[in-house]
Structure formats: C-alpha cells, structure tokens
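Reading the structure
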Amino acid sequence: MSDFRFRMSDSDTRNTANPQPGGGDVLIDFGKLAQAARRQRRVLLLWIAGFCVLGLVYLATTPPSYRAAATVLLAGQSTGQVDNVAVTETVSDASVETAQQVFRSRDLALRVDDILALREKAAFMTPPASLASRTLHTLTGTVRAALDMLSPKPDFGPGTGGSADAADQALRDKAARSLQGDLIIERIGRSTALQIEFESHDPALAAQIVNAYTEAYTSDQLSTTFEATTRTTKFLQTRLADLETDARKAAMDAETFRAKAGLVATGDRLITEENLNRLNAELSMARAEAARSRALVASYDGALARGVAALTGGAGGRLSLPGDTRLTEMGQALSTLTQRRDGVMRNFGADHPQIAVLDAQIEQSAQRLYAEMERQAEVARGELAVAEARVASLRDAIVPLNEENSEALRAQIEYRLLKQRTDTLMRLYETFLSQFQGAEQLRLYSGSQIRVLTPAEIPRGAASPSAKRVLALMIVLGLMAGLAHAGLREWRERYVRTAADVTDGLKLRFLGYLPPLPVAGRNYEAAPESAKDTAAMGAQLIQYPLAHITAPRTRYSETLRTIRHISSTVLPGQGGTVIGVTSILPGVGKTALAADLAGILSVSSHNVLLIDGDPRSQQLSRLLGLGAKGDLAEVIEGSADWRDCRVSIAGTNVEAIGWSGKATLSHPADVLSSRMMREFLIAAAREYSHVVVDLGPLGPVVDARELIALVDQVVLLALWGKTPYGLISETLEQEPELSSRVLGMVLGDVDMRELKNYVGPAQVESFDEELAPYFE
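These remarks concern the structure in this document. (Residues numbered from 1 in each chain as written. Predicted model: local features only at pLDDT ≥ 70, side-chain atom pairs only at ≥ 80, totals over all residues. Heavy atoms only, no water.)

Turning next to helix 23 (residues 725-734). The set of residues buried in helix 23 consists of Tyr-725, Ile-728, Ser-729, Thr-731 and Leu-732. All buried residues of helix 23 fall inside an arc of 160 degrees around its axis, so they share one side. Across from the buried face of helix 23, at angles greater than 90 degrees, the exposed residues are Glu-733 and Gln-734. Close packing links the buried residues of helix 23 with helix 14 (499-505), helix 22 (703-708), strand 16 (713-719), helix 24 (736-741) and strand 17 (742-748). (Buried < 20%, exposed > 50% of the residue type's maximum accessible area, 1.4 Å probe, protein only. Helix = DSSP H or I, 4+ residues; strand = E, 2+ residues; numbered from the N terminus. Arc of directions from axis to C-beta. Contact = heavy atoms within 4.5 Å.)

With that settled, the discussion passes to the pattern of salt bridges. Summed over the entire model, instances satisfying the criterion amount to 29 salt bridges. Across the salt bridge formed by Arg-111 and Asp-220, the nearest N and O atoms sit 3.3 Å from each other. Taken as a pair, Arg-111 in helix 4 (residues 106-116) and Asp-220 in helix 8 (residues 203-261) lie far apart in primary sequence, 109 residues in all. Residue Glu-737 pairs with Arg-741 through a salt bridge whose shortest N-O separation is 2.6 Å. Separated by four residues within a single helix, Glu-737 and Arg-741 lie in helix 24, roughly one turn from each other. (Salt bridge = Lys/Arg side-chain N within 4 Å of Asp/Glu carboxyl O.)

Glancing now at unusual backbone geometry. Cis geometry marks the peptide bond from Ser-464 to Pro-465; its omega dihedral reads 0 degrees. Positionally, Pro-465 belongs in the loop between strand 8 (450-454) and helix 13 (467-491). Even without being glycine, Lys-507 reaches a positive phi, approximately 60 degrees. Located in the positive-phi region is Asp-749, a residue other than glycine, with phi close to 55 degrees. Considering the arrangement of structural elements, one finds Asp-749 in the loop between strand 17 and helix 25 (752-755). On the accessibility criterion, Asp-749 (40% relative accessible area) is partly exposed.

Below you can see the structure in the form of structure tokens.
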C-alpha cells in the first residue's frame, strides 16, 4: 500500500524535501492542501453538483411540514400562606428537567390523543411521505420480508382474533409513539420557561397538538398535586393520633416509676446524694485532724526520749514543737541561761564562781521544761484517740448510705430514659403537626404550576424542507465526499510530475519539461520524393520538421538546449559522444525526442549521426522514411557499408541510418549485442561529434539494455503524470549500468498550466506566465 502523500512541493523547498518514491512521512501544510484542492477541483465540483441535484430532487418530492410552538413558564409549588400571602418554592434545574420528562412521557401523549382523537385522523396517522422515505421504507420492507422468508416464525395455531378494544388500544399506542417521537421540548436559556414544538404536514393540527399538550400537562399537575397532598394529609392524621397516644402513655409511665422508686430531689440532685457528699467531706476533715494529732504525738515522744540531759546541752533553745506558747517561752529562757554560762566561761574561765550558779539554774529550768513536755504529750495522745474514733464512726455511717445512693442513681437513670422517650415523642408529635398544617395549606391553596406565556398559533409558513438548509447540507456532504475521493486520488498518485520528483524522489538530474508542440509544427509524413544527394557527405536527403527549426522559441526547444548544455558540461571537450535516448514504457515520444536532440546538437557541432536502435518497432525509420535509403541490418551482416546507408535531414548537419523493414528480425537483442554493431558504433563515434541512438524502451524487452554499455550518456524520458515512480525506481535498481550512464530525466507531454498545481509558489514553474515572453 502506498503512503498517503500530496504530490507537490512545500512553499520553501530549502526546508522540506519531496517524499521518496516508496513513501515516508510528509509534513502537510496549508499550501499543499490548497494545491491539492486546485488539482482535484473538478472532482470536488462534480461531487458538489451531484449532491445539489439530489437536494433539488429531495426538495421537489418532499411535502412541506409546519411547526407550531408554544412557550410555557414553570411556577414553583405553593407551600401555604404566611400572613395571608401565598408562599411559593423556587423552581430548580431538576424541576425543569422533570417537567421536560413529563412532557415526553407516554401517559401525557395518551391524554393528548384522548383530547384530540388523533387515532381517528388520517392526516396524523398516515401523513404524506417524501420520495426518500418511501424508497427507504420499500427497501427496509424488502429486506425484512427476505429475512422473514429465511427465518419463518413458528406457527402457534389459529388465533382468536383481536377485539375492538384491543385494536383501538393499538391505535392509541401508535398515536402516542408518533407524538413522543415528533415532540420537541427545549429550555429557553437558563430560565424556567420551556418551548414546546410539534411538526406536522397539517398546520392547524400542529397548533392543536401543542395546545393540547399544555392543557394535558396543566391538568396532570393539578390532579397529581391534589392526590399527593390528600394522601399526605391522611397519612399525617393517622400518624399524629398514634404519636399523641404514645406520648401520653410515655409521660404516665415516667411519673409512675418516679413515685414507685421514691425519687426525691432538691434541684438537680437526690437527697441521698447530698447526704453522702456531706459525710465524705466530714470524713476527710476527721482524717486530717487525726493525722495532725498523730504527728504531734510523734514529735513529743521523740523529744522526751532524748531526756533532760539533751535539754541542758543547749537543745532546749532549738526545741520546735507545736503546742502551748509556754513551751516556747521556757525553751527561750533555758537558751538564754546557756548562752550566759558560755559567755562567762569564755571571758573568765571555767573556774569562775558564777559558773556553778548558772549550771544550777540551767538544771532547774531543764527539769521544768521536761515536765511541761510530758504534760503536753498526754494531752496530744488524748486528742489523737478522739480523732481516730471519729474517723471510724464516719466510715461506718458512709457504707449503708453509699449503697442507698447507688440504688437511687440507677432508678434515676431509668427515670431519665423514660423522660427522654416522652420528650422525643412530644417533639416528633410537634414536627408531624407542623407538616400536617403545611400539607393542609398546600391542599387548600395549591394551584397550577405552569403558566402559558404564548399559546400555539397556526403557522403561516412551512418549517421544512428548507431549501437553504438542504442545499447547504448537500454542499457540505458533496464537499466531504469530494474531499474523500480527492484524498483517495492523491493517495493513489504514483506518477512523476515535477522537477523535485526527479531530483529528490528518484535522485536523478532533471533535464527539463517537454510540453506538446503545436500540430502545425510537426509533419510526421516522410517526403522521399524530395530526397536529393548532398554534396558534402554524399548521403541522400530527406525532409523532417525538427523542433529547433519549426519552433525555436518554445519551451520544448529550450529543454533540448538544456540537454545539450548539460551533456557538454558532463563530458567537456570529448568528441564522438554517444547519447542514448530511451524510456521505461513505449509510446511516450522518445523517437521524436531523439530526432530533435540530434537536430539541436547539430547546431553547435560539425555533424551528428542519428541511429534507429529499436529494431523491433523501427519507429525512427518509419518517422524519417529511412527504409528506402538503406538498411542497418545489411550493415550488421557485413553485406553493406554503413556510410552508404546514411540519409541526411535537409537544413541540418544530421545524418540518419535505420532499418528497411523488409524483413522482421527474429532476435533483435542478438543483433544489437553483436560484434558488428559494436564496431559500427565505434566507427561512427570517430567520424561524428555526436551519435544519438534511439533506444528501445527499457520495460518490456531487453534490446535497450544490450546497447547501454556502448553509449556514453542516456537521456531518460518519462511521460508527465503517466509514468509511475515505482517502475522507474525498480528499473534503475535492476540496471546499475543504466544508473551510472543516465545523464538525466526529461518529462514529456507536460501540461504547463496544470503543472502549477503541483509545485510550490517559490518554484520557477509557478511563473510560467511571466516567462512566456521568452518563448514567443
């Protein structure tokens, strides 16, 4: 499969190369698309014209239909009255969507059918059909019948036949399906307004159907709202009675339990709980008092255990015991005596008489302090016993009270649960009571939720078919089909058309374009009657209109000059150059090119020999009328000298030699590859500045391949837009000898005006009109 590619160059050939013959990725720009559209414009126009004809046929065979429309506004549902003012809910997007679904429902369609009795109207049940729909219906019926024949339905035996009610219901269902299929519901912007449209071949019937839909919807909403509120009211009444009974019973159960449990409270607390808290506080205070008394007794016991001697040693001043201030004063007095004795001893020595007096006083003071301490210790022990007895008494009182309080708390929790259930039932009762009042108001004050802003009127003009829309659609479809066809043609494009195709795609030198010559510039009939001997070469003379003589200022002749220039550039200064002219396929004009190339070479050369190298077709011999002048076959056989078989073309330095056509050669390839043919070409190259050989085509036979090795240069001719890439590329790959000797490629039979559609705007081919004065 070939790759899809547009056969054109980019606008800037320096940046993008043409694709290879085998394919490859190609970037497609708008310039290429425009060129492809220009190339395929006939295809596009034919498709568009064909679809437009179909559109006209459709317009002529389709009966007109009329569309009626009405505009309705959805209002919010009334929720009751506040201060004698109606309260209405806001319409949400979901409500609008719900209204649209109701309009499209089967139930509403059946109501419309009942209102208008559409099943009895032939204009609705069997409307006129267009030619397209009739044709489609016939085709589908034929296919369905064929399928039924291939797969027959099972026979269930004789039926009982349908009743009149069943037939009428079938018609109702059919009418409802038609209404649902043709009804159009659209929301107007973001508003709550809806536009209802229906299309029918009868304009009055279309308006009646739309108005019937608004009427049916209004009636449906009123009845639905009333039924719903009535059911809600009945349900709420029953539920309110049940809730009232349950709430009353729950309150009585709670009070009965409270009285039975004997729950007495002050504020938020039970009496037992308050008593328990008080006893716990007193127990804490008694424990603190006992601890204090215990610490005081321990302090006294420690001080008494050290004895009187510890007090006389100076410890009495440092004594720190809780109790009477008397102990503190006695301790300070003992400390003062001890300090006086120590001062006398430091100042006057231990033998001073005052020392003995002070020691006696210290001893007496210590005895009195010790006795006081013993008395205070007994008092502390008594207080400790009292405190411990109080702690024990309080502990004994708390135990039964704690058990009593626990029972009261459990009873209180159960009472609170009963009370909570009572409160819950009362709140639920109040809620249902409020809903009941709202439902009652809604039932009393509910109204229509739809308002008809614009009723449907009988349409004056047909809505379809619209000539503008149909033709526009046909143009678009035709353009799409044309683009697909054009794309397929572009994808299938495999032919050589531009210089870039040759240079970039085939990697060959491009020699030029050969547009067709005017008919008057050619005369392919030989004129042997006018042949005369030439004084210069001794050869016979023929008349042939070479291009450089009959049309010297044409692009055709300019391409011949280009070939001559490139040939002399490739092999500068070399005489006796042998140039072969060939093509891949026959019938592309290579023979005329060979003759014209020989003529253009003779302008700047001394002499040129033109040889017919295609013994199968002998096209050059017939073109120039060489058969009566000599036979190249005799030269190859050695029975004649090639110099005696030459024919000169009048007005040029070109001499030609060909085949007489008297006998058909059985093996032309063997003749061309013979030693005599090789010697003949070598001898001719020595005597002529250029030898031009009209080779056979490369594709079908091997004849031309036998002579390629004997020529210096090969000019390859391809027919513009008719010679495939792949064939040229494959031939060059299979013939390395040919690839090394190819001078370049010429494109023949080129349409210069059409060529502009295959090249970019920056290429010289696009300026053909500007260059036209140079070829006049």
